[in-house]
Amino acid sequence: MDNYILAYLAGVVDSDGHIGIQRSTNALRNWQKMSPRYWEVITVNQTATEATELFKETFGGLVYPRIFKSGRRKPMWAWTVTGKRASNALHAMRPYLRIKGDQADIVFEFREHMDKRGLHRTNEPGNRAIHRLRPEVIVYRDGLHERLKNLHGISGGRKAKLI
C-alpha cells in the first residue's frame, strides 16, 4: 500500500474517526445462554464521500449516509469496518496514528486475545451446541473495552495530547 495514502487515512482517523471494541449482550438478553459478543470497529464520519470511499477501496467495509433528524447538521457519510478487517486496517495505519495510537494498541491486544479462541462448546440436552466464553475471558475482554472507553474520555480517562 502507498505510504502517503496510509498516512492520509491515519490522519482522517485521528481527526474524525472512532476506534473501538463493541460489546453486545443481545444474545444474553434474548437466549440467556450465550456469552457477550465482542468485535473491533473503526468508524469515520465525513461530509464529503472522497475519504470514506478511499477507506472502502483500501480496507473494505461499508460506506453509508448518515442523516440527522434535527436538520441542523449537514448529512454525513460514514465508513465502518469491523472484526479482523478493522485490526488489519489499524496495523497498516499504526505508524502514522499520532492521536489514536494507544487506542489501536488496545485493539491489537484484543485481536491477539480473540485469536486464542476463548470459546468452549457445551452440548446441553435438547439444545444444539452453544458457544460460551469462559468467565476469565469475559473479564479480560471487558477490561480492554473499559480501557478504550477511558481513552475516549467516556469514563473520565485522559485526553490525547498533540506532539
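Residues numbered from 1 in each chain as written. Predicted model: local features only at pLDDT ≥ 70, side-chain atom pairs only at ≥ 80, totals over all residues. Heavy atoms only, no water.

Novice: Can you walk me through the sheet that holds strand S4 (residues 76–82) in this structure?
Specialist: Adjacent strands of a sheet pair through backbone hydrogen bonds, lying either parallel or antiparallel. The antiparallel open sheet is built from 4 strands, whose spatial order is S1-S2-S4-S3. Because the sheet does not close on itself, it has two edges, and the strands there are strand S1 (17–24) and strand S3 (62–66). In this sheet, adjacent strand axes meet at a mean angle of 30 degrees when their direction is disregarded. Of the strand pairs in this sheet, strand S2 (residues 37–46) and S4 are connected by 6 bridges, and their pairing is antiparallel. Considered in S4, the bridge of Thr43 is made with Thr80. Packing of helix H3 (residues 49–59) onto the sheet brings it into contact with S2, S3 and S4, and relative to S4 it is tilted by some 20 degrees. (Pairing = 2+ DSSP bridges. Helix = DSSP H or I, 4+ residues; strand = E, 2+ residues; numbered from the N terminus. Axes fitted to C-alpha atoms, helices over the stretch in contact; angles between N-to-C directions. Contact = heavy atoms within 4.5 Å.)

Novice: So what exactly am I meant to see when it comes to the side chain of Gln46 here?
Specialist: By secondary structure assignment, the location of Gln46 is in strand S2. Within the structure, the side chain of Gln46 is placed 2.5 Å from the side chain of Asp16, a separation counted as a polar contact. (Polar contact = N/O pair within 3.5 Å; in protein donor to acceptor, adjacent residues only side chain to side chain.)

Novice: Teacher, can you tell me more about the pattern of salt bridges here?
Specialist: Any two side chains of opposite charge can pair, on the condition that their charged atoms come close. In the structure shown here, the tally under the stated rule is 8 salt bridges. Here Arg147 ties to Glu109 by a salt bridge, and the two come within 3.2 Å at their closest N and O atoms. Pair noted here: Arg147 is in helix H6 (residues 135–152) and Glu109 is in helix H5 (residues 101–115), with a separation of 38 residues, a long-range link. Accessibility expressed as a relative area gives 39% for Arg147, which makes it partly exposed. For Glu109, a relative accessible area of 27% corresponds to the partly exposed category. Among the salt bridges present, the one from Glu136 reaches Arg134, with a minimum N-O distance of 3.1 Å. Through salt bridges that share partners, Glu40, Lys84, Arg111 and Asp115 make up one connected network. (Salt bridge = Lys/Arg side-chain N within 4 Å of Asp/Glu carboxyl O. Buried < 20%, exposed > 50% of the residue type's maximum accessible area, 1.4 Å probe, protein only.)

Novice: What is the right way to read the packing of helix H4 (residues 83–93) against H5 from this model?
Specialist: Each pair of packed helices can be described by the angle between their axes along with the distance between the axes. Interaxial distance between H4 and H5 falls to 10 Å at its minimum, and their mutual angle equals 135 degrees. It follows that H4 is oblique to H5 by the angle criterion. As for how H4 packs across H5, the hand of that crossing is left-handed. Mapping the contact onto sequence places Gly83, Lys84, Ser87, Leu90 and His91 in H4 and Ala104, Val107, Phe108, Arg111 and Asp115 in H5. Here the contact of H4 with H5 is composed, by residue class, of 4 nonpolar, 3 polar and 3 charged. (Parallel < 35°, antiparallel > 145°, perpendicular 65-115°, else oblique. Left-handed = near helix turned anticlockwise from the far one by under 90°. Nonpolar A, V, L, I, M, F, W, Y, C, P; charged D, E, K, R; others polar.)

Novice: Please explain the confidence of the model for the protein as it appears in this structure.
Specialist: Low pLDDT means the predicted atomic positions in that stretch should not be read closely. In this model, the protein carries a mean pLDDT of 84, and residues with pLDDT of at least 70 account for 80%. Considering only residues more than four positions removed or in separate chains, one finds that residues 155–163, a stretch of pLDDT under 50, has 12 contacts. (pLDDT = per-residue confidence, 0-100.)

Novice: What's the story with the packing of aromatic side chains in this structure? I'm lost.
Specialist: Geometrically, a pair of aromatic rings is defined through the distance of the ring centres and the angle of the planes. For the coordinates displayed, the defined rule picks out 3 aromatic pairs. Ring geometry for Phe55 against Phe59: centres 6.5 Å apart, planes inclined by 40 degrees, an arrangement best described as tilted. Highlighted residues: Phe55 and Phe59, both in helix H3, separated by 4 residues, approximately one helical turn. Accessibility assignment for this pair places Phe55 and Phe59 in one class, buried. With centroids separated by 6.4 Å and ring planes inclined at 40 degrees, the aromatic side chains of Phe59 and Trp79 adopt a geometry described as tilted. (Phe/Tyr/Trp six-rings, centres within 6.5 Å; stacked < 30°, edge-to-face > 60°.)

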